[in-house]
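Here is what each chain is made of, one letter per residue.
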Amino acid sequence: MATFGLLFFLSTAVVALVQPQHVVQESLVLQHPHIEQLLQEEQNPMLPPDILAMGATSPPRHPPAWPNTLDGFPPAWPVAAAITRHCSQPPRPPPTLQLPSTAFAHLRRQAAALDAFRPRLDACCHHHTPLPCARRAWTDVLDRFCTDEFGVKTRQYHCCRQQGAARRRCFAQGPDAIAATAVVTVWDPVAEPPFPPGEPTTANMGNICGLRGLRPGPPGPSGPSGPRVHLRLRLEREYSRCCRNGSLTCAHDAWRKGLERFCREEAAVKTRQHRCCQRGGGHARVRCFAAAAPHPAYDRELHNISLARPGPALLRSLCGPTRLLTKRRPVPELLRAVTSGCCLLPPEEQSACADEQLSQGIATLCATPRDTWRDPQGCCLRGDPEQRRCFNTKYLAQVTLGAAVAPPPLGHDE
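Attention here is on the structure that accompanies the text. (Residues numbered from 1 in each chain as written. Predicted model: local features only at pLDDT ≥ 70, side-chain atom pairs only at ≥ 80, totals over all residues. Heavy atoms only, no water.)

Quick look at helix α13 (residues 331-342)
In a regular helix each residue adds 1.5 Å, so 12 residues correspond to 16 Å; α13 covers 16 Å between its end C-alpha atoms and thus fits that length. When you tally the buried positions in α13, you get 10 out of 12 residues, the bulk of the element. Here α13 has its buried residues at Val331, Pro332, Leu334, Leu335, Ala337, Val338, Thr339, Ser340, Gly341 and Cys342. (Helix = DSSP H or I, 4+ residues; strand = E, 2+ residues; numbered from the N terminus. Expected span 1.5 Å × (residues − 1). Buried < 20%, exposed > 50% of the residue type's maximum accessible area, 1.4 Å probe, protein only.)

Some words on the sheet that holds strand β1 (residues 302-305)
The pairing of strands in a sheet comes from backbone hydrogen bonds and takes either a parallel or an antiparallel form. Here we have 3 strands laid out as an open sheet, ordered β1-β3-β2, and antiparallel in their pairing. Of all the strands in the sheet, the pair left with one neighbour each is β1 and β2 (322-324). Geometrically, the sheet is characterised by an average inter-axis angle of 35 degrees between neighbouring strands, direction not taken into account. Bridge count between β1 and strand β3 (residues 399-403): 4 bridges; the pairing is antiparallel. (Pairing = 2+ DSSP bridges. Axes fitted to C-alpha atoms, helices over the stretch in contact; angles between N-to-C directions.)

Some remarks on empty space enclosed by the protein
Across all of its chains, the model carries 3 cavities of 30 Å³ or more by this definition. Counted as a void, the largest cavity has a volume near 350 Å³. What lines the largest cavity is a set of 23 residues, and nearest its centre among them are Pro193, Pro194, Pro197, Arg215 and Arg232. For the lining of the largest cavity, the class distribution of residues is 13 nonpolar, 2 polar and 8 charged. If you add up the space inside the second largest cavity, you get close to 50 Å³. Every residue along the wall of the second largest cavity is listed here: Arg256, Leu259, Glu260, Gly281, Gly282, Arg285, Val286 and Phe289. Secondary-structure elements contributing two or more residues to the lining of the second largest cavity are α10 (248-269) and α11 (283-292). (1 Å grid on protein atoms, 1.4 Å probe; cavity = no way out; pocket = protein on both sides within 12 Å on 5 of 7 lines; lining within 4 Å. Points joined across faces, edges and corners; volume = space filled by probe spheres on them. Nonpolar A, V, L, I, M, F, W, Y, C, P; charged D, E, K, R; others polar.)

Looking at the pattern of salt bridges
Applying the stated criterion to the full structure yields 17 salt bridges. Between Arg234 and Glu265 there is a salt bridge, with the nearest N and O atoms lying 3.3 Å from each other. Placement of the pair is Arg234 in helix α9 (residues 227-242) and Glu265 in helix α10, with a sequence separation of 31 residues. Using a relative accessible area of 16% as the deciding quantity, one classes Arg234 as buried. For Glu260, the salt bridge is made with Arg256, and the minimal N-O distance between the two is 3.6 Å. Remark: Arg256 and Glu260 occur in helix α10; sequence separation between them is 4 residues, near one turn of the helix. Residue Arg256 is classed as partly exposed on the basis of its relative accessible area of 28%. Several salt bridges share partner residues, and in doing so they unite Arg234, Arg261 and Glu265 into one network. (Salt bridge = Lys/Arg side-chain N within 4 Å of Asp/Glu carboxyl O.)

Details of the state of the cysteines
Tallied over the entire structure, the rule returns 12 disulfides. The residue that forms a disulfide with Cys87 is Cys125, at a sulfur-sulfur distance of 2.1 Å. Note on the Cys87 and Cys125 pair: the S-S dihedral is about -85 degrees, so by sign convention the disulfide is left-handed. Pair noted here: Cys87 is in helix α4 (residues 80-88) and Cys125 is in the loop between α5 (105-124) and α6 (130-149), with a separation of 38 residues, a long-range link. With its sulfur 2.0 Å from that of its partner, Cys124 forms a disulfide with Cys133. Residues Cys124 and Cys133 are joined through a disulfide that is left-handed, its torsion about the S-S bond being -70 degrees. Each member of the pair, Cys124 as well as Cys133, is classed as buried. (Disulfide = S-S within 2.5 Å.)

Things to note about the side chain of Arg109
Take Arg109: it is sitting in helix α5. Reaching out from Arg109, the side chain makes a polar contact with the side chain of Glu149 at a distance of 2.4 Å. (Polar contact = N/O pair within 3.5 Å; in protein donor to acceptor, adjacent residues only side chain to side chain.)

Let's talk about the layout of surface pockets
Of the volumes computed, that of the second largest pocket is approximately 560 Å³. Among the secondary structure elements, those contributing two or more residues to the lining of the second largest pocket are α4 and α5. The dominant element in the lining of the second largest pocket, judged by the number of residues it contributes, is α5, at 5 residues. In terms of residue class, the lining of the second largest pocket is made up of 14 nonpolar, 3 polar and 4 charged.

So this is what it looks like as structure tokens:
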């Protein structure tokens, strides 16, 4: 009984202590003088009028977004109507471009090219042949732009990764030209590259490396395939690596291993193998392939041409990927005048353009001081038409170049 009484007394004391605290908490919550106002303001916040106006009319401020290409770059390929309009009604110079002080170096190079082109274009208005002058200025400025592009480690403008006429066509297409055009693939389905490839030697390493960019690239989706094509593509990749340091040993090992793999692949897909693959491995097979090569010097892309009267077939070759091997003056200057001035024109207009460019180039050369070019054949001392005939026979008749698209034989054209 005593124990029961003690427990009853303790429970009563606990209830007495807890109950008032609970009541006080409830009274604090219910009697908070500003709780209703705070809840209402939380649901409907009152903002100052200027903040409301700013939020309604001004979006958040962000740094300005700059494009990858400036407006007006690249400048348009000069045509007669545009040059006439520019010279008769010179446009106002554009406002100075305010680029950020840091980064955006690629836009600064584009702006520098545009700034360099405008005064040269204005100067061409006073030239006796404004259109060829403007086209030379256009080509020079963009070539200089590409030189600057390759002077940095960032990604270059896609047209700069091409050469010669291909680069000019890319720039003439404007900023919408896609980077995919940078890969120049030449494939003649009628004339498949010769097989087997020649054995690399000290005598042909110059052509293996120097003409590598002119040999056919990968065939298209409907082009030929098989072990021969695979061998050629693999071998060109290996040659590219070996040519970085001119290693004949590297090139010869790539050629030998490539032919061994070719024989294994051909055995897996054909019942009749190439006759050299049937010689077994080792020295006999290598000698067989080396003797069977139709172009052991890798000179299939080398051609002797005459620039005297370039016709459509020759211009089709000159406007493709080429490498000029005849460096004697005035051949480089005159060839550059033809390709830079005519390759972007429609094919039916190119022949007349080439003849005009040659005549203007010869006149310019003959007007230069003798210490600039000495004219060893004395052609400039003659009057027309003997002057042009002298240039044709003495300077332009025998020109050697590498060309991806084969030109017509000497004396033949379309």
